[in-house]
Structures are given as C-alpha cells and as structure tokens.
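Each chain is listed here by its residues.
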Amino acid sequence: DKSPHTVRAIIATTGLQRERPAVPRHYHLYGITVRSSMPLDCPISTAPGRAGIELSEAPPSLFHDAVPGNLSTVSEERWFQHIALPDGADYLRWSKLFEFLISPDGRRIACRALNGVSSETFQTYLVSQTLSCALLKQGIESLHATVVVIQGQAVAFLGDCGYGKSSLGAAFLRAGHAILTDDMLVTSLPNQQQPMVLAHPGPPRIKLFPKIARTL
C-alpha cells in the first residue's frame, strides 16, 4: 500500500543481495519518484511523484575527476566528509563504506559502494542522508523524525540523533501500529486538491541499536 499514511514496516538486520534489474525501475519514496538501475527495498512506483531523482552506479574515475585535488582533500580518518564542489554539486563520503556525487540541481545521484559493504547498509545511508541532501537542492526540506500511524493519522517524533525516536517508534510498532518513516520525514502542505498536511512514507525499515532490538 503506497498511500501517504500507510506503509509496511520491518526490522532489517542483514543486507539483501539481489540480481540487478535488466532496466531501471521507478520507486515511490518520500512522495517522490526515484529511478534506479540498482535494486532498492522500496515500493515500486505506479505514478509519477512531485520530484524526480535518478540513481546510478559510477566508476571510481568519476569521483576522482569531480573532487578538486583528485581526492587529496579526502581523509579516511574522518567518518563523514561533505565537499561542496565549484559547479554546485555535492560530494558525500562515509569512510571506507561508500561515496555519492549529487548533481547541482539535485536530480541525479552517482553512487559507489566501497570494500564490499552490504546492500542494507548502503541503502540505509542512500535513502536517508544522501536523498535528504538531493531533495534540499530541489527546495524540498525534510525533517529529522520517526513517524508512526495511529488511527489513520501520522504522529511524528522529532529530536536529535540518539534521543530515542526510533526506539519509541519501535515500541509503537510492537503495540500494533505501523511505522510510516524512520529518520527522515517529507511532508506536503495543503493545497486545493488536498486540504491537510500529508506525511509521506519512507523505506520499509527501522534502525535500532542491538539492545533495543532485543528488548522490543
């Protein structure tokens, strides 16, 4: 079900390796359409969203040529690095895990996984932090939140990292409520066709620390 207020939620603990589709697929995520040649654990899109983003795998040479100084400014000792490039593009890198290059208009993301990182880990950062940056370049600002569905309404828990948003969401999940999105929330404001604020579903997963996962 890809309606804005219902989405299947699962707790994922391991990466999923899948065969690549013969042609790019369109996915429904955060109220937008994502076109990807890489398989994503997200609902397939049946209608265009309000924005479009294209994901593609890229060779090391693309990142090497794009970053000033041929990646000399990149340090593997830093967990996360963000470099704003002269042409308006953005380079994101998580040390020894993956790197992304976001086009100036936020409509294209080049991806590269490093050191055989699992598909689940790769997608977790792709569909949250990286997509958030791309959407911001398109004028769509997301909120840092976990959202549950209670009696057909979206209830969002906002807070900084480590404040317990996902843990609280998991407690509601255990009580029988659906998780709409974890970590990133995109909304649509009211208009003539839709009189209410809509909260759009994220990927069908929730991130938990091992102790919380065992408890819940």
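Structure's up top.
Asks: What is the right way to read the overall build of the chain from this model?
Replies: For the chain, the count of helices and strands is four helices and twelve strands. Put simply, the chain has 216 residues, and 42% of those count as buried. Taking the contacts inside the chain whose residues are at least 6 apart along the sequence as the reference set, 49% of them involve residues at least 24 apart. Counting only carbon and sulfur atoms, one obtains 54% of the accessible surface of the chain, whose full area is about 11,500 Å².

Asks: Hey, could you run me through empty space enclosed by the protein in this one?
Replies: If a probe as big as a water molecule is rolled over the atoms, it shows which places are left empty. The final tally for this structure, using the stated rule, is two cavities of 30 Å³ or more. As a volume, the largest cavity reaches approximately 80 Å³. Lining of the largest cavity is provided by Tyr30, Thr124, Val127, Ser128, Asp182, Asp183, Pro203, Arg205 and Lys207. Its residues assigned to classes, the lining of the largest cavity comprises three nonpolar, two polar and four charged.

Asks: How should I be thinking about the sheet that holds strand β9 (residues 153-158) in this particular structure?
Replies: Backbone hydrogen bonds are what pair the strands of a sheet, in a parallel or an antiparallel way. Spatial ordering of the open sheet is given by β9-β8-β10, a layout of three strands whose pairing is antiparallel. With one partner strand each, in any of the chains shown, β9 and β10 (178-181) form the two edges of the open sheet. For this sheet the average axis-to-axis angle between neighbouring strands, irrespective of direction, equals 35°. Bridge count for strand β8 (residues 145-150) against β9 is six bridges, and the pairing is antiparallel. Note on β9: the bridge partner recorded for Val148 is Val155. Sheet strands in contact with helix α3 (residues 165-174) are β8, β9 and β10, and its direction is about 15° off that of β8.

Asks: Just to check I follow, could you spell out the pairing of strand β4 (residues 80-84) for this structure?
Replies: Each regular strand shows side chains that alternate between the opposite faces of the sheet. Here β4 shows a buried face lined by Gln81 and Ile83 and an unburied face lined by Phe80, His82 and Ala84. Where β4 meets strand β5 (residues 90-94), five bridges bridge the pair, whose relative direction is antiparallel. What sits directly across from Ile83, in β5, is Tyr91.

Rules of the game
- Residues numbered from 1 in each chain as written.
- Predicted model: local features only at pLDDT ≥ 70, side-chain atom pairs only at ≥ 80, totals over all residues.
- Heavy atoms only, no water.
- Helix = DSSP H or I, 4+ residues; strand = E, 2+ residues; numbered from the N terminus.
- Buried < 20%, exposed > 50% of the residue type's maximum accessible area, 1.4 Å probe, protein only.
- Contact = heavy atoms within 4.5 Å.
- Areas by Shrake-Rupley, 256 points an atom, 1.4 Å probe, with all protein chains shown as cover.
- 1 Å grid on protein atoms, 1.4 Å probe; cavity = no way out; pocket = protein on both sides within 12 Å on 5 of 7 lines; lining within 4 Å.
- Points joined across faces, edges and corners; volume = space filled by probe spheres on them.
- Nonpolar A, V, L, I, M, F, W, Y, C, P; charged D, E, K, R; others polar.
- Pairing = 2+ DSSP bridges.
- Axes fitted to C-alpha atoms, helices over the stretch in contact; angles between N-to-C directions.

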